[in-house]
Amino acid sequence: MLDQTSFSPLSVETLASRLGTVAAVTDRIGADSSAWRVREVGDGNLNLVFIVEGPAGTVIVKQALPYVRLVGESWPLPLKRSFFEYHALMRQAERDPGRVPEIFHFDEAQALIVMEFLSPHIILRRALIDGRMPPKIGRDLGLFAARTLFRGSDLSMTARARKADLALFADNVELCDITENLVFTDPYFEAEMNRHTPGLEGMIASLRADRDLKVEAQHLKLMFSSRAETLVHGDLHTGSIMVTNDDTRVIDPEFAFYGPMAFDVGMLLSNFWMSYFSQSGHEDGRSRAAQRDYIVDVVGTIWETFRAEFSRLFEEERAGMLYPKSLYEDQGDRMGARQALDGILHDIFTDMLGFAGVEMHRRILGLAHNADFETIEDERLRAACETPALILGRHLVVNRHRIASIDEVNSLTGRLEKEKRP
Ligand code: SR1
Ligand code: MG
């Protein structure tokens, strides 16, 4: 049990004296802690993040706070999320080497992780807002999703190892509770912490009166809470990814738990589609048409890469208890294995669309909005950008079983974007 009594939050003033004797830090940035330069740069909803620069190098120190930073001490949140983040990062590093920051030190009592300083990386969400087009992200993210999701499941692990991990991450109750409420429920009624851009009231009223939508959103919540298929990142949006033109890193898996295969991919694609609709709010005199085309291309690449890599792993690495080769390949029935794989991928695709839909709604109607829309200062323009995302979100949640391909969704985003223009 984590002893919360010894916990003490770091500050810019105290960090050097607190970590000055930790070899994992001094070995990397230099032992003279009086020469360290410390900046707090956390801009997320939950934690403290420090950049610590010494004569020999730089590290990141991330520390959980015992409450939700975005809201304040009135919303307590356990420090143990740092433990889940650490363990998720270790597993992701094994399952897709090089795609997460290197971890140098973990202090469970202080809920802090010392990790690689990624430079000159920037947050992907920021890059997309600025109109940048990092060229490798589609492939990198598709591979990351396929490898981490496949290799954390009963398709790959021994039943004993997977069940041990299932038990380990089952205690991440409070972070799951955030998602269960904020993503699947709060957008669909007048929850206390909800907020929205003025001008969306008519749209909101119609979404909250939409019985099919509310039923489907709860079906998705049931899936989220009960389908312990694999270790998911749990919060895989474009703010949890850092990029350069040559490198892509996935950060912040503190929401990790055993959940549905489709959850991470749904969250991820949703955030690209929201970025797509936000582009016209960032035009600044120059068209963002090319940026929209780029986003469509990235979405297609992520999904196709995910499919291809998941299929490869299914064929080459399938060693868990599910769909054993003894039933198919070993009997000369390769078609049987193919049929099983097609069924799995079909279900992931359908569920992924549903998760993408609720994510759109919660980022526009709930507590935690995204900078893609929030940085559009003109509220009328912002509402105009958010409206097609709300419409698409509803379509994805309610009609997901009837959507045949990722191209179909990308074409619909194009039509909705055109319709919104005067
Ligand atoms: C109260 S936490 C709000 C959101 O921030 C995190 O990044 C997750 O997305 C969570 O839903
Ligand atoms: Mg985060």
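Structure: above.
Cut-offs used in this document
Residues numbered from 1 in each chain as written. Chains lettered and ligands numbered in written order. Predicted model: local features only at pLDDT ≥ 70, side-chain atom pairs only at ≥ 80, totals over all residues. Heavy atoms only, no water. Near = heavy atom within 4 Å. Polar contact = N/O pair within 3.5 Å; in protein donor to acceptor, adjacent residues only side chain to side chain. Areas by Shrake-Rupley, 256 points an atom, 1.4 Å probe, with all protein chains shown as cover. Helix = DSSP H or I, 4+ residues; strand = E, 2+ residues; numbered from the N terminus. Nonpolar A, V, L, I, M, F, W, Y, C, P; charged D, E, K, R; others polar. Phe/Tyr/Trp six-rings, centres within 6.5 Å; stacked < 30°, edge-to-face > 60°. Buried < 20%, exposed > 50% of the residue type's maximum accessible area, 1.4 Å probe, protein only. Lys NZ or Arg CZ within 6 Å of the ring centre and 35° of its normal. Salt bridge = Lys/Arg side-chain N within 4 Å of Asp/Glu carboxyl O. Core = buried A, V, L, I, M, F, W, Y, C linked by side-chain atoms within 4.5 Å. Contact = heavy atoms within 4.5 Å. Pairing = 2+ DSSP bridges. Axes fitted to C-alpha atoms, helices over the stretch in contact; angles between N-to-C directions. Arc of directions from axis to C-beta.

Draft legend 1. Fine view of the site of ligand 1. Residues in contact with ligand 1, as listed here, are N45, L46, V68, W75, I178, L182, D235, H237, F255, R362, R363 and A368. The side chain of N45 places a nitrogen or oxygen atom 2.6 Å from an oxygen atom of ligand 1. The separation between an oxygen atom of ligand 1 and a polar side-chain atom of R363 is 3.1 Å. Against a free-state accessible area of 320 Å², the protein chains account for coverage of 95% of ligand 1. Where the shell around ligand 1 is concerned, the elements lending two or more residues are α7 (173-182) and α12 (334-365). Residue composition of the shell around ligand 1, by class: seven nonpolar, two polar and three charged.

Draft legend 2. Here's a closer look at the packing of aromatic side chains. Using the criterion set out here, one finds 14 aromatic pairs in the structure. Seen from their ring centres, F306 and F310 are 5.5 Å apart, and the 35° between their planes marks the pair as tilted. Pair noted here: F306 and F310 are both in helix α11 (residues 289-316), with a separation of four residues, about one helical turn. For the pair F306 and F310, a shared accessibility class is recorded, and that class is buried. Ring pairing ties together the aromatic residues F150, W303, F306, F310 and F349, which thus form one cluster. The ring of F314 has R318 lying over it, and the distance from NZ or CZ to the ring centre is 4.3 Å.

Draft legend 3. Main features of the pattern of salt bridges. By the definition in use, this model includes 38 salt bridges. For R69, the salt bridge is made with E40, and the minimal N-O distance between the two is 2.9 Å. With R69 in the loop between β4 (67-68) and β5 (72-76) and E40 in strand β1 (residues 37-40), this residue pair connects regions lying 29 residues apart in the sequence. On the basis of relative accessible area, R69 is assigned to the partly exposed category, the value being 28%.

Draft legend 4. The nonpolar core, seen in detail. In terms of nonpolar packing, the biggest core is built from 100 residues, with F272, W273, F306 and F310 touching the most fellow members. Top contributing element to this core by residue count: α12, with 15 residues. Those residues in contact with F310 that sit more than four places away from it in its chain are A146, F150, L155, M261, L341, I344, L345 and I348. Membership of the second largest hydrophobic core comes to 19 residues, among which are L15, A16, V22 and V59.

Draft legend 5. Geometry of the sheet that holds strand β10 (residues 241-243). Taken together, three strands build an open sheet; the order of strands is β8-β10-β11 and the sheet is antiparallel. The sheet is open, and its two edges are formed by β8 (122-123) and β11 (248-250), each paired on a single side. Pairing between β10 and β11: three bridges, direction antiparallel. Counterpart to I241 in the pairing with β11 is V250. Strand contacts of helix α5 (residues 137-151): β10 and β11, with the helix running at about 35° to β11, the strand carrying the most contacts.

Draft legend 6. View of the pairing of strand β7 (residues 112-116). Where burial is concerned, most of β7 is hidden: four out of the five residues are buried. Looking at chain direction, strand β6 (residues 103-107) and β7 are connected through four bridges and run antiparallel. Within β7, the residue paired with D107 across the bridge is L112. Taking the residues between adjacent antiparallel strands as the criterion, β6 and β7 are bridged by four residues, where A111 takes a positive phi near 50°.

Draft legend 7. Representation of the environment of E201 within the structure. Take E201: it is sitting in helix α8 (residues 201-208). Judged by relative accessible area, E201 falls into the partly exposed class, the value being 41%. Here H196 takes part through its side chain, which lies 3.1 Å from a polar atom of the side chain of E201.

Draft legend 8. Highlighting helix α6 (residues 159-169). For α6, the set of buried residues is R162, D165 and F169. All buried residues of α6 lie within an arc of 60° about the axis, which places them on one face of the element. Away from the buried face of α6 by more than 90 degrees, exposed residues R160 and A167 are located. Residues of α6 that are buried sit in contact with α3 (81-95), β9 (230-232) and β12 (257-259).

Draft legend 9. Structural detail: the side chain of K62. Within the secondary structure, K62 sits in strand β3 (residues 57-63). Side chain to side chain, K62 and E85 meet in a polar contact 3.0 Å long. Once residues within four sequence positions are removed from consideration, K62 is found in contact with N47, L48, V49, E85, A111, L112, I113, M115, D252 and E254.

Draft legend 10. View of the sheet that holds β6. The sheet built from five strands is open, its strands ordered β1-β2-β3-β7-β6 with antiparallel pairing. Edge strands, defined here as strands with exactly one partner in the open sheet, are β1 and β6. If you compare each strand with its neighbour and ignore which way they point, the axes differ by 20° on average. Here seven bridges tie strand β2 (residues 48-54) to β3, and the two strands are oriented antiparallel to one another. Its bridge partner lying in β3, E53 is registered against T58.

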